[in-house]
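Architecture at a glance
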Amino acid sequence: MFSVCLCARYQAKPKESHYMATNRILKYLKGTIDVGLWYPSEVSLNLIGYSDLDFAGCKIDRKSKSETCHLLGSSLIS
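Below, the structure is looked at part by part. What you see is a predicted model; the values in this text were computed from it and never measured.

Some points on the overall build of the chain
The helix and strand inventory of the chain stands at 2 helices and 3 strands. For the chain, the sequential pattern of α-helices and β-strands runs α-α-β-β-β. Taken over C-alpha atoms, the radius of gyration comes to 18 Å for the chain, far larger than the 12 Å a tight globule of 78 residues would show. Looking at the 78 residues of the chain, the share that counts as buried comes to 10%. For the chain, long-range pairs separated by at least 24 residues make up 26% of all intrachain contacts whose partners lie at least 6 apart in sequence. Counting every atom, the chain has about 7300 Å² of accessible surface; 59% of that belongs to carbon and sulfur. The chain carries 10 positive and 7 negative side-chain charges, and their two centres are separated by 13 Å.

Some details on the environment of Thr22
Tracing the backbone through its elements, the reader meets Thr22 in helix H2 (residues 16-31). The exposure class assigned to Thr22 is partly exposed, which follows from its relative accessible area of 33%. Spatially, the C-alpha atoms of Thr22 and Tyr10 are 11 Å apart, while their sequence positions differ by 12 residues. A polar contact is formed between the side chain of Thr22 and the backbone oxygen of His18, at a distance of 2.8 Å.

Some thoughts on the state of the cysteines
Formally, a disulfide is one covalent bond, and it connects the sulfur atom of one cysteine to the sulfur atom of another. Applying the stated criterion across every chain, the model contains 0 disulfides. Cysteine Cys5 is unpaired, with the sulfur of Cys7 as its nearest cysteine sulfur at 9.6 Å. According to the relative accessible area criterion, Cys5 is partly exposed, its value standing at 44%.

Some details on the environment of Thr32
Locating Thr32 in the fold gives a position in the loop between H2 and strand S1 (47-54). For Thr32, a relative accessible area of 22% corresponds to the partly exposed category.

Thresholds applied
Residues numbered from 1 in each chain as written. Predicted model: local features only at pLDDT ≥ 70, side-chain atom pairs only at ≥ 80, totals over all residues. Heavy atoms only, no water. Helix = DSSP H or I, 4+ residues; strand = E, 2+ residues; numbered from the N terminus. Rg over C-alpha atoms; globule rule 2.2 N^0.38 Å. Buried < 20%, exposed > 50% of the residue type's maximum accessible area, 1.4 Å probe, protein only. Contact = heavy atoms within 4.5 Å. Areas by Shrake-Rupley, 256 points an atom, 1.4 Å probe, with all protein chains shown as cover. Lys, Arg positive; Asp, Glu negative; His and termini not counted. Charge placed at Lys NZ, Arg CZ, Asp CG, Glu CD. Polar contact = N/O pair within 3.5 Å; in protein donor to acceptor, adjacent residues only side chain to side chain. Disulfide = S-S within 2.5 Å.

Have a look at this one:
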């Protein structure tokens, strides 16, 4: 996901290196076509999200940071 978002930044004016990176991503996806998440039919698929925010918590530069995670059923998806 990170690589795809990074390539998406250069959609307006891509260079050859961006085309090469996109081809690597597509080759990776082609090789992982059989990989996926398994959800048993008897498990409910509730989407649950958790987040943590530290507003200006760093005493030096006063930067904030946030973290999130999402569960679908009992599987971590993000």
